Amino acid sequence: MQNKERKNEIVVDNKFNNISMNQWTAKEMDLFMGIIAKMTNQKRTVVEFDTNELRKIIKGERNADRWKQTMITVVNRMANLRYYNHSDKSYKLILAFSEFDLEFDKKKLTVQVSENFESFVNVILKEGEFTFYELEEFVKIKSTYAKQMYRHLKQWRTKGKVTFSIERLRAVLDVPRKYTSGEVTRRVVNPIVKELGNYFKNLKCDVIKEKTRGNPVKEYVFTFERDTSLPYQGQAEPKKTKKKGNDPNWSDPNYKNTTSPETQAEMAFQKAILLEKIDDKG
């Protein structure tokens, strides 16, 4: 693969997918991912961007004033990005970025990545710890729901299956609480499957319902054809087990934790939601 093709591939630590972009517009998401693509494996904490190049990559706003406002909005959103690492013994809050400098006359954006977040975008391709996708694909996706789900499905690309409880799906995609489970399926899930079918072969979603009165929706099971190819960088560490691609650490057959993957993911998301509420009240 030629360098020209490599520059817009995104390789991030799986923890990056826990960063929410709820309330972002599609164009704001595109710009943010354009910045992340340029940061991928730069091996430094200060990264400079040509704003015109970013606009070209993501097919950004043609009007200069609106493009300037888009950049300001995204910078402000990026400044609020954070990641929680919480256990019974500790609580850690990681701010993704520490400084931004937009120079409109020079058409330049300088970003200071926080020291702890730097490992999210400067990735050594360890088995089971990274997510890989292409900026060009992400930009082509129209729906913000589909863009969010694209990131999560890519994390499971070598597995070909991922399950979301309805509450986790609502949290991940920021689905309005007023939507009934039927509306979630009809207005959110079905359009996602239709649009992302262009990027995940044989993608489908099975709706699993509770065997109780009213048969409420319990979870959504997304399945698609597995992709076992690796990113271009060739830095993946030697295999120590039969795990492939980006299967999470807890899928290691030698790992002793008996909690199911779905339960662990659900617990992590519920914890993140509660911590967000605590932080907002503070």
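Please read these numbers as outputs of a predicted model, since none were measured by experiment.

## Overview of the sheet that holds strand 10 (residues 217-223)
Line of reasoning, step 1. Pairing is antiparallel across the open sheet formed by three strands, whose spatial order is 8-10-9. Looking at the sheet topology across the chains shown, the edges are occupied by strand 8 (161-165) and strand 9 (204-209). Across the sheet, the axes of successive neighbouring strands diverge by a mean angle of 20°, strand direction being ignored.
Line of reasoning, step 2. Pairing of strand 9 with strand 10, which is carried by six bridges, proceeds in the antiparallel orientation. In the strand pairing of strand 10, Lys209 is matched with Val217.
Line of reasoning, step 3. Here helix 8 (residues 166-173) sits on the sheet and contacts strand 8 and strand 10; the angle it forms with strand 8, its principal contact strand, is near 95°.

## Quick look at the nonpolar core
Line of reasoning, step 1. Formed by 67 residues in total, the largest nonpolar core has its most connected members in Phe16, Phe32, Met39, Phe97, Phe117, Leu196 and Phe222.
Line of reasoning, step 2. Per-element tally for this core: the top contributor is helix 2 (residues 26-39), with eight residues.
Line of reasoning, step 3. In this structure, Phe16 is in contact with Phe32, Met33, Ile36, Phe117, Phe120, Tyr133 and Arg151, ignoring residues within four places of it in sequence.

## With respect to the packing of helix 7 (residues 144-155) against helix 9 (residues 181-196)
Line of reasoning, step 1. It is the contact of helix 7 with helix 9, at a shortest axis distance of 9 Å, that shows an interaxial angle of 70°. The angle between helix 7 and helix 9 falls in the class roughly perpendicular. Regarding helix 7 and helix 9, the two cross each other, and that crossing is right-handed. Contacts from Tyr145, Ala146, Met149, Tyr150 and Leu153 in helix 7 reach Val188, Ile192, Glu195 and Leu196 in helix 9.
Line of reasoning, step 2. Grouping the amino acids of the contact of helix 7 with helix 9 by side-chain chemistry returns eight nonpolar, no polar and one charged.

## Points about helix 4 (residues 64-79)
Line of reasoning, step 1. Along its 16 residues, helix 4 runs 23 Å from first to last C-alpha, staying within 8% of the 22 Å computed at 1.5 Å per residue.
Line of reasoning, step 2. Turning to helix 4, the residues buried within the fold contact helix 2, helix 3 (51-57), strand 5 (97-103) and strand 6 (108-113).
Line of reasoning, step 3. N-capping of helix 4 is provided by Asn63, with a side-chain oxygen placed 3.0 Å from the backbone N of Asp65.

## Description of the packing of aromatic side chains
Describing an aromatic ring pair means giving the distance of the ring centres and the angle of the ring planes.
Line of reasoning, step 1. Taken as a whole and assessed by the stated rule, the structure comprises 10 aromatic pairs.
Line of reasoning, step 2. Both rings, one in Phe16 and one in Phe32, keep their centres 6.1 Å apart while their planes meet at 15°; by these two values the pair is stacked. Placement of Phe16 in the loop between strand 1 (9-13) and helix 2 and of Phe32 in helix 2 is noted, with a sequence separation of 16 residues between them. For the pair formed by Phe16 and Phe32, the shared burial category is buried.
Line of reasoning, step 3. Seen in terms of ring centroids, Phe164 and Phe222 are 5.9 Å apart; in terms of plane orientation they differ by 90°. Their pairing is edge-to-face. Highlighted residues: Phe164 in strand 8 and Phe222 in strand 10, separated in sequence by 58 residues. Considered together, Phe164 and Phe222 belong to a single accessibility category, that of buried residues.

The rules behind these values
Residues numbered from 1 in each chain as written. Predicted model: local features only at pLDDT ≥ 70, side-chain atom pairs only at ≥ 80, totals over all residues. Heavy atoms only, no water. Pairing = 2+ DSSP bridges. Helix = DSSP H or I, 4+ residues; strand = E, 2+ residues; numbered from the N terminus. Axes fitted to C-alpha atoms, helices over the stretch in contact; angles between N-to-C directions. Contact = heavy atoms within 4.5 Å. Core = buried A, V, L, I, M, F, W, Y, C linked by side-chain atoms within 4.5 Å. Buried < 20%, exposed > 50% of the residue type's maximum accessible area, 1.4 Å probe, protein only. Parallel < 35°, antiparallel > 145°, perpendicular 65-115°, else oblique. Left-handed = near helix turned anticlockwise from the far one by under 90°. Nonpolar A, V, L, I, M, F, W, Y, C, P; charged D, E, K, R; others polar. Expected span 1.5 Å × (residues − 1). Polar contact = N/O pair within 3.5 Å; in protein donor to acceptor, adjacent residues only side chain to side chain. Phe/Tyr/Trp six-rings, centres within 6.5 Å; stacked < 30°, edge-to-face > 60°.

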